[in-house]
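Below, each chain spelled out in residue letters.
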Amino acid sequence: MSPYAKRLMWPVVILLALVAVNIAATGVDFIVPSVNDDGRLGGAFVNILRRSVPLLLIALGMTLVIATKGIDLSVGAVYAIGAAIACQTIMDSSDQGAAGTVLTAIALALVVTAVIGAWNGVMVAAFGIQPIVATLILMIAGRGIAQLITGGQIPKVEDTSPFTELGRGAFLTIPIPIWIAALALTALALLTRRTALGMLLESVGGNPEASRLAGIRSKGITVLVYLVCGLCAGLAGLIGASNLGSADANNGGLWIELDAILAVVIGGTALLGGRFFLLGTTIGVVIIGTLEDTIINVGLSSQWQFTAKAIVVFVVALLQSPGFRAWILKPFKRTPQARVEAPAPAKAEEAAK
Amino acid sequence: MSDAALVRMTGIVKDFTGVRALDGVDFTLRPGEIHAVMGENGAGKSTLIKVLTGVHGHDAGEILLDGEPVRFSSPKAAQAAGISTVYQEVNLTDNLSVAENLLAGREPRLGPFINFRAMRRRAKELLDDIGIDLNVAAPLSSYSIAMQQLVAIARAVDIEAKVLILDEPTSSLDRDEVEVLLGVMRRLAAKGTAMVFISHFLDQVYEISDRMTVLRNGRLVGEWATADLGQNELIGHMLGREAAALEQIERAASAHRVEDEEPLLQAEGLGRKGSIAPYDLTIRRGEVVGLAGLLGSGRTETARLIAGADRADSGTLRFEGRKVGGHNPRTAAARGIAFCPENRKTEGLVGDLTVAENMILAMQASRGWARSIPVARRDKLVASFIEKLGIRPADPDMPVKNLSGGNQQKVLLARWMLIEPKLLILDEPTRGIDVGAKADIQRLVAELSADGMSVLFVSAELDEVTRLSDRIAVLRDRELISVLQDEADMTSERIVDTIVAGGRES
């Protein structure tokens, strides 16, 4: 098994286990998509995926930031800013239904959140502020900025505006958020693995000094990664706001940064930086999304949500710990036989015996 | 020294998944002897030690301690039976006092409390026993690594050690410190403690050891009294070649004299406060310039300024006749200056990345992230360098942290050879690596310079510097004191004389 597959194995096992529990509790309908009256795909699992999209976008950006040994705590606040800008722009316009208005609002929100992300990156890379401190500033201030944008109100977009399609619509029967998530995952995978960006940021995260001495422009790469993370958070905010039809500066995307970090860790990317796994993060997000439904489906009250989440995290962390794995797998491992790689004479004798 | 064996290991076999690390190895240790275990990296030295100290169990064979068969399940059990180990890195607590470190876990008590006075007295006695004088109340961190090493030894000896295992204890010590350590070892031997000594420094091994056991590829080559085994023979046994490979490198570079070549690099008054006094240095095309001096003399600092790893605060640097501005590792690489830093693990390699990724890192960095090296080209380049430098295992996808020191160094060299630099700066490229890899790297330096590449070669080993260099810059107390030019001056003695003389003048 390749190291990559090894990293993904446990998250996949956990996810399959959760799905199995749900199927046992509610039947096979849980996983099989149904076609709604309006021709859209529905069903429990599709809904989980659709609801998980904002978290996924944020977690993907977070994965790249964590790969550089950083962390971005401001993503929840940036989510709120993205949502606030889009909703306020649409509300302020004369025609909420016009495509031009909606596109302007989306573009404006994405540009501003990208700039905010880049600002985080500059603080980390150029000023040498610790990532947790640099992004903490905007984690706190960001919601204030969102409140200023909305004037302390919760701007509501009319249900007829095409903006709501972003969160509620469907294309070729598949919900638009899922399309966006798939596109974002593909784009980030291509950006990091088809160029050298992935390797260089793993290098910067794995050993900053060695990377500097090898001549890598680590500052530029760091800024770029925080920019992408901000952009992802902004996009997540747009989808969330579109789904609700409103932007709540105080509660939109609240604590989403913690779920995102959780998803990254479940997906096998170490908080110490270096190797990162976008696909692992994706599975981590789906695990978190599925978990919330599982609690309801097995008949527990929703108060169990946080405790159950903690238990799953605990189990995943244990399974990823090499020490624990060795201990639990010990009785199942055969004593390794003296295999022979090269046909050295003495070893050939050994084999003859 | 009596003939009765204290430790007798016979027919030891140890398998790791798919690899036989030890194959029927015998090892005998007699009371009061200093026994060197020699071999290249991967020969099985550390595995043998780990079997003896209970870190690994063995798959076949027998261990007798004082004639009794034993099998240790943990290092603790081995320690209880009188086998103590002092590792390369000091495993003590920096911010505790010397006395606390010496007696941690065995503090003299007064009821429930620690009797600090008794503890200091006992610690003092222990140190007196091995003949060193320290303030036992001072924090351990206030002493040099060498002294810390000695404290570790004193601690090991106090735990009733019959057998003391010293795994590369001298690798971070300077000359004087090594002398102190060897003195302590002699004193312990005289008291009857048997010692197993592992070191890459052949001089030290010859100076201190009574006997040698040589391993190669997990098998026993033989056991000799040190006096009966010449250095060349020893290296031959370790490498499995009759003639010592090191001898053949003998100044391939000296065939071409480079005095009339134009200067590639000129440093004028280049310096950095608190690091290295301003110095002048010229490097010509195809020339190997050695930097020699004691530990802390400013060798590394000199090289780092030229490499752009540190910023100079005085003087100018000219490269190919043009003044260099905005010097940093990236612009240096773009000009053709490559730098292999002293510390492979912390400054050189990215441990989690693969051999291939580490190799292409500098080349990729110069292209920027957007222009990835095409996979086919990359695979070809990596395969050719693995082949050319003899990197083992020859697996481009293995994380580089799993390689031995010598192979890691070769990966680092390959990284810079890939960008075909005009000047290659090597800071201690052969430290802590086995004799075979050392010979490979020295041969490579000679070849590269013969092909016209300039090399700035920093090494603590004078033999190596004199063998490879066309000229040698000698440093002392963070100052470049002299540049030796003449062929006749390329000797260790001459360098030592220069260092001593340089001290007298100032």
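Please refer to the structure placed before this passage.
What you see is a predicted model, and the numbers here were worked out from it, not measured in a lab.

(A) Focus on a negative patch on the surface. A cluster of like negative charges, contributed by B:Asp203, B:Asp463, B:Glu493 and B:Asp497, occupies part of the molecular surface. Along the polypeptide, B:Asp203 turns up in helix α7 (residues 202–208).

(B) Main features of helix α10 (residues 299–307) of chain B. Residue and element names in this part refer to chain B. The element α10 is largely enclosed, with a buried count of eight among its nine residues. If you check which residues of α10 are buried, you get Arg299, Thr300, Thr302, Ala303, Arg304, Leu305, Ile306 and Ala307. Following α10 by one or two positions, glycine 308 adopts a phi angle in the positive range, close to 85°.

(C) Representation of the environment of B:Ser449. Turning to its location among the elements, B:Ser449 is positioned in helix α16 (residues 435–450). In this structure the C-alpha to C-alpha distance between B:Ser449 and B:Gly293, which are 156 residues apart in sequence, comes to 22 Å.

(D) Inspection of the pattern of salt bridges at higher detail. Tallied over the full model, the rule gives 32 salt bridges over all chains. Across the pair A:Arg275 and A:Glu202 runs a salt bridge, and its minimum N-O distance is 2.5 Å. With A:Arg275 in the loop between α11 (256–266) and α12 (278–297) and A:Glu202 in helix α8 (residues 197–206), this residue pair connects regions lying 73 residues apart in the sequence. Overall, the relative accessible area of 22% leaves A:Arg275 in the partly exposed class. Across the pair B:Arg122 and B:Glu125 runs a salt bridge whose closest N-O atoms are separated by 3.3 Å. Pair noted here: B:Arg122 and B:Glu125 are both in helix α4 (residues 116–129), with a separation of three residues, about one helical turn. B:Arg122 sits in the partly exposed class, given a relative accessible area of 32%. Note on B:Glu125: relative accessible area 40%, which makes it partly exposed. Look at the salt bridges and you will find they share partners, linking A:Glu209, A:Arg212, B:Arg304, B:Asp310 and B:Glu347 into a network.

(E) Geometry of the pairing of strand β6 (residues 83–86) of chain B. Residue and element names in this part refer to chain B. Here β6 shows a buried face lined by Ile83 and Thr85 and a second buried face lined by Ser84 and Val86. Examined bridge by bridge, β6 and strand β9 (residues 163–167) share four bridges and lie parallel to one another. Bridge pairing in β9 links threonine 85 to isoleucine 165.

(F) Structural detail: the interface of chain A and chain B. Contacts between chain A and chain B engage 31 residues on the former and 35 residues on the latter. Surface buried jointly by chain A and chain B totals about 2700 Å² across both partners, of which 61% is contributed by carbon and sulfur atoms. Broken down residue by residue, the surface that chain A buries against chain B is led by A:Met199, A:Leu213 and A:Arg275, which jointly contribute 24%. Measuring nitrogen to oxygen at the nearest pair gives 3.8 Å for the salt bridge that ties B:Arg304 to A:Glu209. Where chain A touches chain B, the interface holds six residue pairs in polar contact (both at pLDDT 80 or more). Where the side of chain A that touches chain B is concerned, the elements lending two or more residues are α8, α9 (208–213), α10 (218–244) and α15 (345–352) of chain A. With six residues, α8(A) is the single largest residue contributor to the side of chain A that touches chain B.

(G) Main features of the packing of helix α2 (residues 44–67) of chain A against α10(A). Residue and element names in this part refer to chain A. Where α2 meets α10, the axes come as close as 8 Å, and the angle between the chain directions of the two elements is 170°. Classified by the interaxial angle, the pair formed by α2 and α10 is roughly antiparallel. Between α2 and α10, the contacting residues are Arg50, Val53, Pro54, Leu57, Ile58, Gly61, Met62, Leu64 and Val65 on the first element and Val225, Tyr226, Val228, Cys229, Cys232, Ala233, Leu235, Ala236, Ile239, Gly240 and Asn243 on the second. Classifying every residue of the contact of α2 with α10 gives 16 nonpolar, three polar and one charged.

(H) Region of interest: the nonpolar core. Grouped together as the largest cluster of nonpolar side chains are 134 residues, with contacts concentrated most on A:Phe163, B:Met359 and B:Leu413. Residue contributions to this core peak at 14 residues, all from α2(A). There are two domains that each give this core at least three residues, and those are domain 2 (244–336 + 422–506) and domain 3 (345–420) of chain B. Look past the residues within four positions of A:Phe163 in its chain and what remains in contact with it is A:Ala86, A:Cys87, A:Ile90, A:Val102, A:Ile106, A:Val157, A:Leu238, A:Ala241 and A:Ser242. With 47 residues, the next largest nonpolar core counts B:Ile34, B:Ile130, B:Ile132 and B:Leu181 among its residues.

About the criteria used
Residues numbered from 1 in each chain as written. Chains lettered and ligands numbered in written order. Predicted model: local features only at pLDDT ≥ 70, side-chain atom pairs only at ≥ 80, totals over all residues. Heavy atoms only, no water. Patch = residues over 30% accessible without salt bridge, like charges linked within 9 Å, V, L, I, M, F, W, Y side chains within 5 Å. Areas by Shrake-Rupley, 256 points an atom, 1.4 Å probe, with all protein chains shown as cover. Salt bridge = Lys/Arg side-chain N within 4 Å of Asp/Glu carboxyl O. Lys, Arg positive; Asp, Glu negative; His and termini not counted. Charge placed at Lys NZ, Arg CZ, Asp CG, Glu CD. Helix = DSSP H or I, 4+ residues; strand = E, 2+ residues; numbered from the N terminus. Buried < 20%, exposed > 50% of the residue type's maximum accessible area, 1.4 Å probe, protein only. Pairing = 2+ DSSP bridges. Contact = heavy atoms within 4.5 Å. Buried area = accessible area lost by both parts, 1.4 Å probe. Polar contact = N/O pair within 3.5 Å; in protein donor to acceptor, adjacent residues only side chain to side chain. Axes fitted to C-alpha atoms, helices over the stretch in contact; angles between N-to-C directions. Parallel < 35°, antiparallel > 145°, perpendicular 65-115°, else oblique. Nonpolar A, V, L, I, M, F, W, Y, C, P; charged D, E, K, R; others polar. Core = buried A, V, L, I, M, F, W, Y, C linked by side-chain atoms within 4.5 Å. Domains from an automatic or database assignment.

As far as function goes, none of this settles anything; it's purely spatial.
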